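In case you want the letters, here they are:
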Amino acid sequence: MTPQQILESLKSRFGEAVLDAKVDAFPDPWIRVAPATLREICLYLRDDGEMLFDVLMCLSGMDYRGGKLGVVYHCDSTVNHHRIVLKTEVTDAEPRVASVESVWKTANWHEREAFDLYGIVFDGHPDLRRILMPDDWSGFPLRKDYQVPEFYNGMKVPY
Amino acid sequence: MEETMTEPRKVAGFGRDLKSEEMVISMGPQHPSTHGVLRLELVVDGEIVVDVIPHIGYLHRCFEKHCEHMTNYQQVIPYADRMDYVAAMSNEFGYVVACEKLLKIRVPERVEYIRVIMAEFSRIVSHLIAIGTYGMDIGAFTPFLYCMRDRERVLDIFEQTCGARLLYNYMWIGGLSHDVPPGFTEKVKDFCKYFRPKIKELNDLLSYNKIFIKRTANVGVLPADVALNYAVSGPVLRGSGVRWDLRKNDPYSVYDRFDFEIPVGQGLKGTVGDCWDRYMVRVHEMEQSVRIIEQAVDMLPAGDIASAIPKRIRPDAADVYVRTETPKGELGYYIVSDGTATPFRVKVKSPCFVNLSALPAMCRGAMIADIVAVLGSIDIVLGEVDR
C-alpha cells in the first residue's frame, strides 16, 4: 500500500486520532497520531490483512524544544513490503503515551530507553524503569535543556 | 546470592510434597562469558532457569548526546566506529549512507564497490570473533586461535588501506579517506583463495564436533513468529528460518548487483532456531561474503574516490531512517536535521540491543549452563548495546 492509502484507511477508522500527515515527505512519509489511541492504531496496523506491519524497526524518543516531546515509530511489513512512520507529540508537563509493548515485544526495551533518556511515560508498559542510566540517576539526559549534575552520589562529575 | 521472598512451590509425585524455592543468582557484570560488562539476573529453580533479567548500561557513553554536540556531521563517524568495535566498517557504512540520503548525494561507483568490499571483510572479521569466542564459551579453545589467525589477515588488508586495524574512520560522507593501495586486488584474491579451505577446516574442527552439537542443538530455540515480534535481525533471525537480509530485501549501495545466497537455519542437528542454527548461519555467511568480495573486486571500476565529498555539510530540515545489514543484524540510523551543520537528533537502532532483549524468551526453561551457550549464539557487543 502507498502511504496515501494507509493514511486514508487510518482516517476512516480512527478519524479524530489522525492529526496530521505528510505522505510526500522526503525521504520517509509520516503520519502524526494522538498519543492516547496509539495502541489501537498500532494493533490495527499489525493485524489488518492489508497492513500487516509485523516489525517495529525503531522507536525513538524526541525532544523538539520548547517543552514538546515526541515518539517516532518506524514500522515495516516483511509480508507486504511497505513501511510507514508514525509520530506522536506530548508536552513535558504531561509526557504520557500509550505503550505498544503488547503489540510488538521489541518496544519493551525501546520504550524503557525513551523513558530513561527523555522521561516519556508509557502507559501500560509492564516494566518501565531506567535501562541505560543508573537507577538512582536524576534527570533525563537527552532532553535539550539537560544540565549535567555537578555531583553523582557524592562523586564529582568530571565535566 | 540471595533468596527471593516467593512462596515455596510444591512438587507433586514423590509421595510427599517437595518444597522448591526459587533463587536469584547474579551473573556478571564481570564474567568471562558475558562478552563484556553485562549483568544477568537469573531466577533459578534448582538447575532450571525460570527467568533471566538482563541489566545493561555499564558501557553507556552517551553516543546520541555526543552527536548533538558535534560541530559537523563528519565528526560523528569516529564515534560510530566505537559502537560495534569488532565490525567498525559496517557502523560507518550505515551512517554515511544515511547522511548521503539526507544530502541527496550520489557517490562514485568506485567508492560504492570499495565500501561493499570493506563491509563484507568486516562481516568475516566479526563472524570469526563470534565463532571463535563461542567455541571458547562452550569449552573448545583451539578454534579461537584458528579464527584469530585468519582475522589477522583481514586486519592487515585494512591496515594497508587506511592505516588503522580496528577503528578506521575510513568511510566519509560522499567518499573515502584513502583509495585502496596498489596491489589491493591481488591481496584480496589471495585472501579469498586462502580463506575458503579454512572454513572447511573450521567445520571439521568445531561445527560438526559431537560435543559442540550436544551443547548447542535444541538449546535456546527461538520460533520465527517470536523472533519477528521481537524484531531481532541478522543471524539470530535467519537462524530461526526467516529468509530476511537487507542486502537482498531492501538493497542499499550496490548490493543488488551481486550474486549471493541468504543462508537460513534448517534445524539440521535439532530444532529450527536453536543455537547451532544461529552458529551455522554465521559460518555460511562467511562463504557468501567471500563470494561477494570476489565479484566486487572483479567489477571494481576506476575513478576518483573524493570527487563527491561535500565541502560543507548542511542538509535541509528532514528526517531519515536508514537501515543496513551489519554482521550483527539490522543497524538503523534515525537522523533528524534542522537545517544546521549539526545533527538535531541521531538515534541508533542497535541490532545487539534488540537481539539481547529477546534473550529471556530463549532462556526460560533452560539449564544454567545453557545460558552461556544461548548468550554466545546471539553474539552481542556491549559497546553497541549500551552505546
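Definitions and limits used
One numbering rule holds for all chains: residues counted from 1, following each sequence as written. To label them, take the chains in the order written and letter them from A, then take the ligands in the order written and number them from 1. Selection of residues for local features in this predicted model requires a pLDDT of at least 70, selection of side-chain atom pairs for listing and counting requires 80 or more, and totals for whole chains, interfaces and linings are taken over all residues. Going along the chain from the N terminus, every DSSP run of H or I of four or more residues is numbered as a helix, and every run of E of two or more is numbered as a strand. For every residue, the other C-beta atoms within 10 Å of its own C-beta are counted; 20 or more classify it as buried, 12 or fewer as exposed, and values in between as partly exposed. C-beta atoms are placed from the backbone. Residue pairs qualify as contacts under a 7 Å threshold applied to their C-beta atoms, which are placed from the backbone. Charged means Asp, Glu, Lys or Arg here, nonpolar means Ala, Val, Leu, Ile, Met, Phe, Trp, Tyr, Cys or Pro, and polar covers whatever is left, Gly included. At least two bridges found by DSSP between two strands are what make those strands a pair. As a per-residue measure, pLDDT reflects the predictor's confidence and takes values from 0 up to 100. What counts as an axis is a line fitted to C-alpha atoms, over the stretch in contact for a helix, and the angles between N-to-C directions run from 0 to 180 degrees. Angle categories: roughly parallel below 35 degrees, roughly antiparallel above 145, roughly perpendicular from 65 to 115, and oblique for all the rest. Left-handed is the label given to a crossing in which the near helix is rotated counterclockwise from the far helix by less than a right angle, and right-handed is the label when the rotation is clockwise.

**Let's talk about the overall build of chain A**
Moving on, step 1. Each helix and strand in chain A was counted, giving three helices and nine strands.
Moving on, step 2. Written out in order from the N terminus, the α and β elements of chain A read α-β-β-α-β-β-β-β-α-β-β-β.
Moving on, step 3. The proportion of buried residues among the 159 residues of chain A is 41%.
Moving on, step 4. Restricting the contact set of chain A to residue pairs at least 6 apart, pairs at least 24 apart contribute 45%.

**Examining the environment of lysine 210 of chain B**
Residue and element names in this part refer to chain B.
Moving on, step 1. By the element assignment, lysine 210 lies in helix α7 (residues 210-216).
Moving on, step 2. You can call lysine 210 exposed: it has 7 C-beta atoms within 10 Å.
Moving on, step 3. Considered as a pair, lysine 210 and tryptophan 276 are 66 residues apart in the sequence and their alpha carbons are 12 Å apart.

**Some details on unusual backbone geometry**
Residue and element names in this part refer to chain B.
Moving on, step 1. With phi around 55°, alanine 231 is a residue other than glycine that occupies positive phi space.
Moving on, step 2. With respect to the secondary-structure elements, alanine 231 resides in the loop between α8 (224-229) and α9 (235-239).
Moving on, step 3. A tally of 27 C-beta atoms within 10 Å means that alanine 231 is categorised as buried.
Moving on, step 4. The backbone of aspartate 379 sits at a positive phi, close to 60°, despite the residue not being glycine.
Moving on, step 5. On the secondary structure map, aspartate 379 appears in the loop between α14 (368-378) and α15 (382-386).
Moving on, step 6. The class of aspartate 379 is buried, set by 27 C-beta atoms lying within 10 Å.

**Considering the interface of chain A and chain B**
Moving on, step 1. Taken together, the contact between chain A and chain B spans 23 residues of the former and 26 residues of the latter.
Moving on, step 2. Put simply, the parts of the chain that give the side of chain A that touches chain B at least two residues each are β3 (55-63), β4 (68-76) and α3 (107-118) of chain A.
Moving on, step 3. For the side of chain A that touches chain B, the element with the highest residue contribution is β3 of chain A, accounting for six residues.
Moving on, step 4. Classifying every residue of the side of chain A that touches chain B by side-chain character gives 15 nonpolar, five polar and three charged.

**Looking at the pairing of β4 of chain A**
Here is the key point about a regular strand: its side chains alternate between the two faces of the sheet.
Residue and element names in this part refer to chain A.
Moving on, step 1. For β4, a buried count of eight out of nine residues is recorded, marking the element as mostly surrounded by other parts of the structure.
Moving on, step 2. Note that β3 and β4 share eight bridges and pair antiparallel. Looking at the pairing, cysteine 58 lines up with histidine 74 of β4.
Moving on, step 3. Between β3 and β4, which pair antiparallel one after the other, the connecting turn spans four residues, and arginine 65 there sits at a positive phi close to 70°.
Moving on, step 4. Where β4 meets strand β5 (residues 83-91), nine bridges bridge the pair, whose relative direction is antiparallel. Of the residues in β5, the one forming a bridge with valine 71 is threonine 88.
Moving on, step 5. What sits between the antiparallel neighbours β4 and β5 is a turn of six residues, in which histidine 81 has the positive phi angle 55°.

**Quick word on the confidence of the model for chain A**
Moving on, step 1. Mean pLDDT over chain A stands at 87; residues scoring 70 or higher make up 99%.
Moving on, step 2. Taking the mean pLDDT of every element in chain A, the minimum, 83, falls on strand β1 (residues 18-22) of chain A and the maximum, 92, on α3 of chain A.

**Focus on the sheet that holds strand β2 (residues 30-33) of chain A**
All names here are of chain A.
Moving on, step 1. Taken in spatial order, the five strands line up as β1-β2-β5-β4-β3 in an open sheet, and their pairing is mixed. On the outer flanks of this sheet lie β1 and β3, each paired with one strand and no other. Along the sheet, successive strands turn relative to each other by an average axial angle of 20°, direction set aside.
Moving on, step 2. Here β1 runs beside β2; their pairing, made up of four bridges, is antiparallel. Among the inter-strand pairings, valine 18 is bridged to a residue of β2, identified as valine 33.
Moving on, step 3. Along the sheet, α3 makes contact with β3 and β4, crossing β3 at roughly 5°.

**Quick look at the sheet that holds strand β9 (residues 318-326) of chain B**
Residue and element names in this part refer to chain B.
Moving on, step 1. Strand order in this open sheet of three strands is β9-β10-β11, and the pairing throughout is antiparallel. Where the open sheet ends on each side, the last strands, each with one partner, are β9 and β11 (345-349). Pairwise comparison of adjacent strand axes, ignoring direction, gives a mean angle of 15° for this sheet.
Moving on, step 2. Where β9 and strand β10 (residues 329-337) come together, nine bridges link them in antiparallel fashion. Bridging across to β10, valine 322 finds its partner in tyrosine 333.

**Details of the packing of helix α4 (residues 109-138) of chain B against helix α11 (residues 275-299) of chain B**
Residue and element names in this part refer to chain B.
Moving on, step 1. Direction vectors running N to C along α4 and α11 enclose 155°, while the axes themselves pass 9 Å from each other. The pairing of α4 with α11 is recorded here as roughly antiparallel in orientation. In terms of crossing hand, the pair formed by α4 and α11 is left-handed. Residue-level inspection shows Tyr113, Val116, Ile117, Glu120, Phe121, Arg123, Ile124, His127, Ala130, Ile131 and Tyr134 of α4 in contact with α11, the latter providing Tyr279, Arg282, Val283, Glu285, Met286, Ser289, Ile292, Ile293, Ala296, Val297 and Met299.
Moving on, step 2. Residues belonging to the contact of α4 with α11 are distributed by class as follows: 16 nonpolar, two polar and four charged.

**Section: the environment of serine 350 of chain B**
Residues and elements named next belong to chain B.
Moving on, step 1. Here serine 350 is to be found in the loop between β11 and α12 (351-357).
Moving on, step 2. Taking the C-alpha atoms as reference, serine 350 lies 9.9 Å from asparagine 91; in sequence the two are 259 residues apart.
Moving on, step 3. Leaving out residues up to four positions away in the same chain, serine 350 has contacts with Met83, Leu331, Glu384, Val385 and Arg387.

**Remarks on the packing of helix α3 (residues 88-103) of chain B against α4 of chain B**
All names here are of chain B.
Moving on, step 1. In contact at an axis separation of 7 Å, α3 and α4 are set at 140° when each is read in the N-to-C sense. Taken together, the axes of α3 and α4 are oblique relative to one another. The hand of the α3/α4 crossing is left-handed. When α3 is examined against α4, the residues Ala88, Met89, Ser90 and Phe93 are found in contact with a partner set consisting of Arg115, Met118, Ala119, Ser122 and Arg123.
Moving on, step 2. A class-by-class count of the residues in the contact of α3 with α4 yields five nonpolar, two polar and two charged.

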